[in-house]
Amino acid sequence: MGQYFRADTESDGWSTDHARLRLASVRGNSHRYYRKPRQDSAAATVHATSETIVFAVADGVSAARLPELGSMLACEAAIGAVLRQLDAGQGELDWAAVVRQAAAALTQRARAILAGTGPVPGAAPAASPAPHPAPPPAPAASPTPHPAAVPEPSPTRAPHPAPAAHPAPDPAQVERLLATTLVVGTARPVPGGLEVRLSRAGDSGAWLLDLDRAAYRPLFAPKYDPDAVIVSNAVVPLPRCPDPAELGGCLLVAGQVLLVGTDGFGDPLGDGDGQVGALFARELAEPPSAAWLAHVLDFSRQTFDDDRTLIAIWPGAGAGRPA
C-alpha cells in the first residue's frame with residue numbers, strides 16, 4: 001500500500017474583522033530522514049453567516065498504515081460537521097457528534113480501501129491490457145446456399161447476484177489503517193473578544209499564551225502528569241471517540257494568543273518555561289507572516305524530531321484586555 005504524497009511544509013494566514021489567523025505544518029526531521037510524508041494536518045475556515053472561525057489540527061499515528069491520509073480526512077470531516085451545525089443555527093454545538101462524524105469518515109474510507117473500491121494513496125494505476133491482434137481474414141470461398149435458419153428460443157439466464165457489500169471494518173481495523181488524533185474548535189466573536197470552544201480525541205493540545213507574562217495555560221489536561229510514577233505514551237486516537245467528549249475553551253482577549261497544535265509542538269514546549277516557550281512568546285507577540293511561522297516552527301531541538309503543526313489566533317483590535 002502506497003503513501004499519500006504531500007508537501008514537506010504548508011502555511012497559511014488571513015484575517016477577519018474580529019481575528020487574525022496563522023497556520024503552519026512542517027515535516028519533522030525523522031520523517032525527512034526516513035523519506036516518510038508529513039503525517040500532521042491542519043485546516044481553518046470562516047463560517048460566513050456567524051463570522052465564526054472553524055479550525056482543526058490532527059496528528060496521524062505513526063503505527064498506522066496511512067496516518068497522513070487519516071489526519072487529513074479527520075480535519076476535513078470535523079470542519080464540515082461544525083459548519084453544518086452552524087448552518088442549522090445550532091446554539092451550543094454538539095461536539096460529541098462532530099468527533100463521531102470524523103471517526104465515521106475514517107471508517108468509510110477504510111471500508112472502501114479494504115474492499116478495493118476506494119482510492120489507495122500512492123498506488124500506481126492499473127495498466128491497460130494490450131489489445132489482442134485481429135485474427136487474419138478467412139480465405140474467400142464460393143457461397144453455398146443455406147436453408148432458412150429456424151430461430152431458436154433464447155435460453156433464460158439466471159440473473160447475476162449483486163455483489164455483496166463489504167462489511168464495515170471494526171475500530172481496530174480502522175485504527176491500524178488511518179488512526180489519528182484530532183483537535184477541532186471554533187472562535188466566535190463576542191463582546192470583548194473571541195469565545196473559543198474546543199474538543200479533542202488523542203493527545204494533541206491547545207494553549208492560551210499570555211503575551212504580557214510569556215505564560216502558557218493548557219486548555220486540556222496535560223499530556224503527562226508530573227506526579228505520576230509511570231509515564232505512558234499510549235494514545236487513544238480516532239476512530240475511538242472519548243466518552244464523554246473531552247472539551248476545552250476560553251475567552252480570548254487582547255494580549256493573548258490561542259495556540260492549537262500537535263505534540264510535535266507541545267512536547268518541546270512543555271510548561272512553556274524553557275527556550276521553546278520563550279521563542280514563541282517573542283515571535284508571536286504580533287502575527288508573523290505565515291512563511292515565518294513555518295520557519296520558526298521548524299526549530300532544531302535535540303530528541304524532538306516529530307512533525308510539528310500549529311494554528312495561532314489573535315483577537316481583533318476591538319478585544320478587551322485580560323483581567
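Below is a summary of the structure that appears in this document. Being a predicted model, the structure only gives us computed values, none of them experimental.

### Focus on the nonpolar core
Inside soluble globular proteins, nonpolar side chains tend to come together where they are buried. If you look at the biggest cluster of nonpolar residues, it comprises 32 residues, and the most contacted ones within it are Leu69, Val82, Val98, Leu178, Leu182, Val184 and Leu238. Excluding residues within four positions of it along the chain, Val184 makes contact with Phe55, Ala56, Ala78, Val82, Trp95, Val98, Arg197, Leu198 and Ser199.

### Things to note about the packing of aromatic side chains
Overall, the coordinates contain four aromatic pairs when judged by the stated rule. Note on Tyr33 and Tyr34: the rings are 5.0 Å apart at their centroids and 85° apart in plane angle, and the pair reads as edge-to-face. Classification of Tyr33 as exposed rests on a relative accessible area of 66%. Seen from their ring centres, Phe265 and Phe280 are 5.0 Å apart, and the 80° between their planes marks the pair as edge-to-face. Separated by 15 residues along the polypeptide, Phe265 in helix 5 (residues 263-269) and Phe280 in helix 6 (residues 275-283) bring together distant segments of the chain. With relative accessibility at 0%, the residue Phe265 sits in the buried group. Residue placement shows Arg308 over the ring face of Phe299; its charged tip is 3.7 Å from the ring centre.

### What about helix 4 (residues 171-178)?
All buried positions along helix 4 are accounted for by Val174, Leu177 and Leu178. The buried residues of helix 4 occupy one face: seen down the axis, they fall within an arc of 70°. Where helix 4 begins, the capping side chain belongs to Asp170, and its oxygen is found 3.0 Å from the backbone nitrogen of Ala172.

### A look at the pattern of salt bridges
Tallying each qualifying case throughout the model produces eleven salt bridges. Residues Glu10 and Arg38 are paired through a salt bridge, measuring 3.4 Å at the closest nitrogen-oxygen approach. Here Arg38 lies in the loop between helix 1 (29-33) and strand 3 (40-47) and Glu10 lies in strand 1 (residues 9-15), a separation of 28 residues in the sequence. Its salt-bridge partner being Glu283, residue Arg282 comes within 3.7 Å of it at the nearest N-O pair.

Cut-offs used in this document
- Residues numbered from 1 in each chain as written.
- Predicted model: local features only at pLDDT ≥ 70, side-chain atom pairs only at ≥ 80, totals over all residues.
- Heavy atoms only, no water.
- Core = buried A, V, L, I, M, F, W, Y, C linked by side-chain atoms within 4.5 Å.
- Buried < 20%, exposed > 50% of the residue type's maximum accessible area, 1.4 Å probe, protein only.
- Contact = heavy atoms within 4.5 Å.
- Phe/Tyr/Trp six-rings, centres within 6.5 Å; stacked < 30°, edge-to-face > 60°.
- Helix = DSSP H or I, 4+ residues; strand = E, 2+ residues; numbered from the N terminus.
- Lys NZ or Arg CZ within 6 Å of the ring centre and 35° of its normal.
- Arc of directions from axis to C-beta.
- Polar contact = N/O pair within 3.5 Å; in protein donor to acceptor, adjacent residues only side chain to side chain.
- Salt bridge = Lys/Arg side-chain N within 4 Å of Asp/Glu carboxyl O.

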